[in-house]
Amino acid sequence: MRYCMDIHGFITAMEQVALPALAEDYDAGRIGLIVEGKEEIGTVCCALDATERVAGAAVRAGADMLVVHHTPLWNPVTAVTGPTARLLRTLLAAGMNLYVMHTNFDRAAGGVNDVLAARLDLSGTERMTAGVVGNCSLAPEEIARRLPGGGIRVYGEVGTIRRLAVVGGSGFDPALLREAADLGAEAFLSAELKHSVARASPLPCFEATHYALEAPAMEALASRMGWHYIPDPPHVVVIP
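Residues numbered from 1 in each chain as written. Predicted model: local features only at pLDDT ≥ 70, side-chain atom pairs only at ≥ 80, totals over all residues. Heavy atoms only, no water.

For the structure shown, the criterion picks out zero disulfides. Considering cysteine sulfurs only, Cys45 is the nearest to Cys46, which forms no disulfide, with 8.7 Å between them. A relative accessible area of 0% places Cys46 in the buried class. Unpaired in terms of disulfides, Cys136 finds its nearest cysteine sulfur in Cys205, a separation of 15 Å. The exposure class of Cys136 is buried, given its relative accessible area of 9%. (Disulfide = S-S within 2.5 Å. Buried < 20%, exposed > 50% of the residue type's maximum accessible area, 1.4 Å probe, protein only.)

Moving on to the environment of Glu157. Here Glu157 lies in the loop between strand 9 (153-155) and strand 10 (163-166). A residue is classified by how much of its surface remains accessible, and Glu157, at 76% relative accessible area, is exposed. Taking the C-alpha atoms as reference points, Glu157 and Leu91, 66 residues apart in sequence, are found 48 Å from one another. (Helix = DSSP H or I, 4+ residues; strand = E, 2+ residues; numbered from the N terminus.)

Another point: the pairing of strand 12 (residues 205-208). Because side chains alternate across strand 12, one face comprises the buried residues Cys205 and Glu207, and the other comprises Phe206 and Ala208, equally buried. Where strand 9 and strand 12 come together, three bridges link them in antiparallel fashion. Bridge pairing links Tyr155 to Cys205 in strand 12. As paired elements, strand 11 (residues 187-191) and strand 12 share four bridges and run parallel to each other. Counterpart to Leu189 in the pairing with strand 12 is Phe206. Following the backbone out of strand 11, through helix 8 (residues 195-200) and into the adjacent parallel strand 12, one traces a crossover that is right-handed. (Pairing = 2+ DSSP bridges. Right-handed = clockwise from strand over helix to strand, strands pointing away.)

Right, dumping it as structure tokens:
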């Protein structure tokens, strides 16, 4: 789908999809319009990360706007070198805007956690501080198959799972684990699990990759909005 919208109208539309006020405090200054380009928006591309590969694909697609989940400018920039320079050179040379929807999209209706819950057929969902808990009818093996790239690590003894907590991204926080347990969860799915957290968890922990848990929401957003989705999964090999 080709748009005919100015940048201000586009930003207004995106803020209706995911209100900036939903974002965590640490996202202040890291969401919204991160790189300013053309005033008129015609073609939009969408991806999880603004990698050099994604930016190149967006240029070839003729994009005026690239929407991503993770900002490539997380820390203050005091020198424009290396990968940051190459990425910005590509975006600026093409006049391409870069828009970031991070923790506000995690929490938005139809956002990261809602798409993840739908992908796993969770029902009767309840929202947590971050993530959701819902009734689950899938075995761990089927949960793994439903995620792009496949594969999860399971920490703890697992029986029948009737309620599952899901948090897109790095969600293995002790407070969230306790909150999920209080909501009746019998397992917890997220990414980037620390050994100390796994040891102390009140629930079995299912660890997937960060990409596997969040990329589906960006793909779903692109489909919903009529954008071009650019997959860019990390190259991961499991050696037994």
